[in-house]
Amino acid sequence: MKEAEVYSYSRLNTWKNCEASYKLIYLDKEQNSDSWFTEAGSLVHSLLEDFTNGEIEQDQLKFLFLDGMSQLRNSIYPNIKNSFIKGVLTYLENPKMFHLKMKPFEVEEGFCVYFPKGNFWLRGFIDLWGYMGDDIWAIDHKSANNKRAAWNTKEAVRQLYLYSSYIWLKAGRFPKYLAYNFFKTNDFEKIPFNLNDF
C-alpha cells in the first residue's frame, strides 16, 4: 500500500483551485516568500493567541500591534496599509469575539488526522476551540473581508469542517458552532455545525 501523504488545508485548497500553482509550490518547490498580508495576519494571530492565553492584557494589544506593524519586512501601498491598521485597531479596542468565555479551551492547537478515504493525513492548527457551557465552538481568525460573497458558501467553511474531525476524535463529538472572527472588519460569523455538510 502506498505510504499516506501529509497535507495541510492550504495545500489541498491550492490543488483544488489551481493544479499549476500546486505543481510549482509543492512539487517543483518554488520559493513563495511571505507577503505583507501574510506577515500582518500572522502578527495579529500571534497577539490573539497571547491574549487568549492570558499572557497579555487587552489594553496592551494595540500598542504591541503598532510596534509589530512597524517592523514588517515587506511593503504595501500606504492606503492599503492604513486601511488594515485602522480596521485592526478598531477591532482590538472593541472586539466582538472577546465576550466569548470558553472553558476549557485550546489555542493554536496542532493536529494530524488520518483519512482512510484518500489515504492521506490532514495536518493543521485550530486557532481556537473549546466549550461554552455544554457547546463546543471552533473559531478561525481571518484577515479577509467577510463582505465578499464567497463567505456565504459551503466552500468558505470547508476548512473548519475538516478541522472538526480532530475535535470529534479528541472530544467525542463535533462542535455545535463553527465561527470566523474577521479581525480587520470586526465581524463575527457563527455557523451552526450541520453533519450533512461534513
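Let us look at the structure shown here. (Residues numbered from 1 in each chain as written. Predicted model: local features only at pLDDT ≥ 70, side-chain atom pairs only at ≥ 80, totals over all residues. Heavy atoms only, no water.)

## Describing the nonpolar core
Part 1: Judged by nonpolar contacts, the single largest core of 29 residues is most densely connected at Phe65, Met69, Phe84 and Trp137.
Part 2: If we skip the residues at most four places from it in the chain, Met69 touches Trp36, Ala40, Leu43, Phe84 and Ile85. (Core = buried A, V, L, I, M, F, W, Y, C linked by side-chain atoms within 4.5 Å. Buried < 20%, exposed > 50% of the residue type's maximum accessible area, 1.4 Å probe, protein only. Contact = heavy atoms within 4.5 Å.)

## Concerning helix 4 (residues 58-69)
Part 1: With twelve residues, helix 4 extends 17 Å between its outermost C-alpha atoms, agreeing within 8% with the 16 Å of an ideal straight helix rising 1.5 Å per residue.
Part 2: Along helix 4, the residues that are buried comprise Leu61, Phe65, Gly68 and Met69. Around the axis of helix 4, the buried residues are gathered within 90° of arc, so they sit on the same side. Exposed side of helix 4, more than 90 degrees from the buried face: Asp59 and Phe63 are the residues found there.
Part 3: Structurally, helix 4 contributes buried residues whose contacts are with helix 3 (36-52) and helix 5 (78-93). (Helix = DSSP H or I, 4+ residues; strand = E, 2+ residues; numbered from the N terminus. Expected span 1.5 Å × (residues − 1). Arc of directions from axis to C-beta.)

## Topic: the environment of Phe51
Part 1: Turning to its location among the elements, Phe51 is positioned in helix 3.
Part 2: C-alpha of Phe51 to C-alpha of Leu61: the two residues are ten residues apart in sequence and 7.9 Å apart in space.

## Observations concerning the pattern of salt bridges
A side chain of one charge can pair with a side chain of the opposite charge if their charged atoms are brought near each other.
Part 1: Enumeration over the complete set of coordinates arrives at four salt bridges.
Part 2: A salt bridge links Glu109 to Lys170; its shortest N-O distance comes to 2.5 Å. You can see Glu109 sitting in strand 2 (residues 105-115) and its partner Lys170 sitting in helix 6 (residues 158-171), a full 61 residues away along the chain.
Part 3: Judged by its relative accessible area of 44%, Lys170 is partly exposed. (Salt bridge = Lys/Arg side-chain N within 4 Å of Asp/Glu carboxyl O.)

## Observations regarding the packing of helix 3 against helix 5
Part 1: At a minimum axis separation of 12 Å, helix 3 and helix 5 run at an interaxial angle of 15°. The angle between helix 3 and helix 5 places the two elements in the roughly parallel class. Along this stretch, helix 3 crosses helix 5, giving a crossing that reads as right-handed. The residues of helix 5 that touch helix 3, namely those facing Trp36, Phe37, Ala40, Val44 and Leu48, are Ile80, Lys81, Phe84, Val88 and Tyr91.
Part 2: Tallied by class, the residues present in the contact of helix 3 with helix 5 amount to nine nonpolar, no polar and one charged. (Axes fitted to C-alpha atoms, helices over the stretch in contact; angles between N-to-C directions. Parallel < 35°, antiparallel > 145°, perpendicular 65-115°, else oblique. Left-handed = near helix turned anticlockwise from the far one by under 90°. Nonpolar A, V, L, I, M, F, W, Y, C, P; charged D, E, K, R; others polar.)

## Here we look at the environment of Glu93
Part 1: Inspection of the secondary structure puts Glu93 in helix 5.
Part 2: The sequence separation of Glu93 and Asp59 amounts to 34 residues, and the corresponding C-alpha distance is 7.8 Å.
Part 3: One polar contact links Glu93 to Lys62, side chain to side chain, over a distance of 3.4 Å. (Polar contact = N/O pair within 3.5 Å; in protein donor to acceptor, adjacent residues only side chain to side chain.)

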